[in-house]
Amino acid sequence: MEQPSAAVCAFINAFIESIDQLRVLLVLARQPDREWSVGEVCSATALPVTTAAAQLQRLATIGLIVANPDPAATFKYGPRATEFQQMVQELIQLDDQRPVTLIRLVYSRRSGSAQAFADAFRLRRS
């Protein structure tokens, strides 16, 4: 993989809000047949329980994972659209081959609006 596709960049901009969210998604996507508890996701990602739980709920809301609210809440990878599955597979490939590029894409998504806001206050030389 040379460069991330425009489609995966757009997917990140639309759906991946943080590195924590990306980490949770990748853990579940790498084992698509497994059901995960919040505690297991915490162990796999080293995230605090509140962070992991929030990210799992967000990913379920987006439609990238499926939440099973039975007595012991579990979560499983299960994108609602085929296109999502293709994008997540590209994310996995990027994480395996170009992890720094993937991290930069997520951070650039986050900083894009902040940069635009900061630019509005930039002093211009006359």
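What you see is a predicted model; the values in this text were computed from it and never measured.

Considerations on unusual backbone geometry
Here is step 1 of the chain: Located in the positive-phi region is Ala-46, a residue other than glycine, with phi close to 65 degrees.
Here is step 2 of the chain: Examined against the element boundaries, Ala-46 turns out to sit in the loop between helix 3 (38-45) and helix 4 (49-62).

Section: the pairing of strand 1 (residues 65-68)
Here is step 1 of the chain: Sheet topology places strand 1 next to strand 2 (residues 74-77); four bridges connect them, and they run antiparallel. Bridging from a neighbouring strand, Asn-68 pairs with Thr-74 of strand 2.
Here is step 2 of the chain: Counting the residues that bridge the hairpin from strand 1 to strand 2 gives five residues.

Topic: the environment of Ser-108
Here is step 1 of the chain: Position of Ser-108 relative to the elements: it lies in helix 6 (residues 99-120).
Here is step 2 of the chain: For the pair formed by Ser-108 and Ile-12, sequence separation is 96 residues and the distance between their alpha carbons is 9.9 Å.

Side note on the confidence of the model for the chain
Here is step 1 of the chain: Across the chain, the average pLDDT comes to 87, with 86% of residues at or above 70.
Here is step 2 of the chain: When the elements of the chain are averaged for pLDDT, helix 6 gives the smallest value, 69, and helix 2 (residues 19-30) the largest, 97.
Here is step 3 of the chain: Note on residues 112-122: pLDDT under 50 across the span, and one contact to partners over four residues away in sequence or across chains.

Side note on the pattern of salt bridges
Here is step 1 of the chain: Counted by the stated rule, this structure contains five salt bridges.
Here is step 2 of the chain: Notably, a salt bridge pairs Asp-20 with Arg-23, separated by 3.6 Å at the nearest N-O pair. Of this pair, Asp-20 and Arg-23 both sit in helix 2, separated by three residues, roughly a single helical turn.
Here is step 3 of the chain: Across the pair Asp-96 and Arg-30 runs a salt bridge whose closest N-O atoms are separated by 2.9 Å. Of this pair, Asp-96 sits in helix 5 (residues 82-97) while Arg-30 sits in helix 2, and the two are 66 residues apart along the sequence.
Here is step 4 of the chain: Members of the salt-bridge network, linked through shared partners, are Arg-30, Asp-95 and Asp-96.

Definitions and limits used
Residues numbered from 1 in each chain as written. Predicted model: local features only at pLDDT ≥ 70, side-chain atom pairs only at ≥ 80, totals over all residues. Heavy atoms only, no water. Helix = DSSP H or I, 4+ residues; strand = E, 2+ residues; numbered from the N terminus. Pairing = 2+ DSSP bridges. pLDDT = per-residue confidence, 0-100. Contact = heavy atoms within 4.5 Å. Salt bridge = Lys/Arg side-chain N within 4 Å of Asp/Glu carboxyl O.

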